[in-house]
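# Residue-level structure breakdown
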Amino acid sequence: MKPLKQHLIIFTRYPEPGKTKTRLIPALGEIGAANLQKQMTEYTISQVRELAKMTRVSVEVRFTGGDLEKMQNWLGNDLLYQFQGEGDLGVRMERSLANAFSQNAEQVIIIGTDCPDLNSQILASAFEKLRVFDLVIGPAIDGGYYLIGLQQPIAELFANIHWGTAQVFAKTVEIAQTWHLSISYLQALADIDRPEDIENSTFCL
């Protein structure tokens, strides 16, 4: 299955207790953290399915943990699945983008599954903006980003970034500006990474 012109990549992890959302284990326990990961991924997939009703988009799930059979049994057989592979988050994202563009995708967006306010309308808006701008980015309130979209692979955007810190968004924008990329910003949203993020969550714990 080759990507369409609009291609969406979802980064997630198979919800195995003890191996997912580890920073939330002190607050939720191993099973609770895995259940939260499961709920957030399923919510994200539901919004992506809504997006697919509005616009032609191909969807790819890049996963860690589990295996292909477990992922298909969990999320369905109608999605394309790929292992994230080795390397830090930047290496894995850059690899997935390069792969999509090499198969003739024209607008590629990457999202995670940590953002409970990310919905199909925001995703549709991001693809619309990506027809005009070189880079579309959705800032997370903690200083990271929940969405990044490009019209072409630019490996430098994913190099020398201290992932998981409050400087990720600012550093990415700084690199983009040195490359003279036109940038469109989405609304800032909260994601769920740490115990203090849970209090305002809409997910059932």
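A quick note: this is a predicted structure, and the numbers were derived from the prediction, not measured.

What counts and what doesn't
- Residues numbered from 1 in each chain as written.
- Predicted model: local features only at pLDDT ≥ 70, side-chain atom pairs only at ≥ 80, totals over all residues.
- Heavy atoms only, no water.
- Pairing = 2+ DSSP bridges.
- Helix = DSSP H or I, 4+ residues; strand = E, 2+ residues; numbered from the N terminus.
- Axes fitted to C-alpha atoms, helices over the stretch in contact; angles between N-to-C directions.
- Salt bridge = Lys/Arg side-chain N within 4 Å of Asp/Glu carboxyl O.
- Buried < 20%, exposed > 50% of the residue type's maximum accessible area, 1.4 Å probe, protein only.
- Expected span 1.5 Å × (residues − 1).
- Contact = heavy atoms within 4.5 Å.
- Polar contact = N/O pair within 3.5 Å; in protein donor to acceptor, adjacent residues only side chain to side chain.
- Core = buried A, V, L, I, M, F, W, Y, C linked by side-chain atoms within 4.5 Å.
- Phe/Tyr/Trp six-rings, centres within 6.5 Å; stacked < 30°, edge-to-face > 60°.

## Some details on the sheet that holds strand β7 (residues 183–185)
What links the strands of a sheet is backbone hydrogen bonding, and the strands pair in either a parallel or an antiparallel sense. The sheet built from 7 strands is open, its strands ordered β3-β2-β1-β4-β6-β5-β7 with mixed pairing. The open sheet has two edge strands, β3 (80–83) and β7, and neither has a second partner. Across the sheet, the mean angle from the axis of one strand to that of its neighbour is 20 degrees, orientation sign disregarded. Across 4 bridges, the pairing between strand β2 (residues 58–64) and β3 is parallel. Directly across from E60, in β3, lies its bridge partner L80.

## Considering the pattern of salt bridges
A side chain with one charge can pair with a side chain of the opposite charge if their charged atoms come near. For the coordinates displayed, the defined rule picks out 6 salt bridges. Between K38 and E42 there is a salt bridge, with its nearest N and O atoms 2.8 Å apart. Of this pair, K38 and E42 are both found in helix α1 (residues 25–54), 4 residues apart, which corresponds to roughly one turn of the helix. Judged by relative accessible area, which is 32%, K38 ranks as partly exposed. Overall, the relative accessible area of 31% leaves E42 in the partly exposed class. Of the charged contacts in the structure, one is a salt bridge between R62 and E60, with a shortest N-O distance of 2.5 Å. An identical accessibility class is assigned to R62 and E60; each is buried.

## Considerations on helix α3 (residues 89–102)
With 14 residues, α3 extends 20 Å between its outermost C-alpha atoms, agreeing within 8% with the 20 Å of an ideal straight helix rising 1.5 Å per residue. Of the positions making up α3, those classed as buried are G90, R92, M93, S96, L97, A100 and F101. Against the buried residues of α3 lie β1 (6–13), β2, β4 (107–111) and β6 (145–150). For α3, the capping residue at the N-terminal end is D88, with a side-chain oxygen 3.1 Å from the backbone nitrogen of G90. N104 sits one or two residues past α3 and shows a positive phi near 80 degrees.

## Description of the nonpolar core
Note on soluble globular proteins: their nonpolar side chains tend to be buried together. Formed by 29 residues in total, the largest nonpolar core has its most connected members in L8, I111 and L147. Secondary structure elements with two or more residues in this core: β1, α1, β2, α2 (68–75), β4, α4 (120–130) and β6. It is α4 that provides the largest number of residues to this core, a total of 6 residues. Setting aside anything within four residues of it in sequence, one finds L8 in contact with V48, L51, V57, S58, V59, E60, I109, I111, L123 and F127. The next biggest cluster of nonpolar side chains, apart from the first, holds 25 residues, and it includes M93, V108, L135 and Y145.

## Examining the packing of aromatic side chains
The final tally for this structure, using the stated rule, is 5 aromatic pairs. Considering the side-chain rings of Y145 and W163, the 6.4 Å spacing of their centres and the 80 degrees angle between planes classify their relative orientation as edge-to-face. In this pair, Y145 is assigned in strand β6 and W163 in the loop between β6 and α5 (168–178), connecting sequence segments 18 residues apart. Judged by relative accessible area, which is 14%, Y145 ranks as buried.

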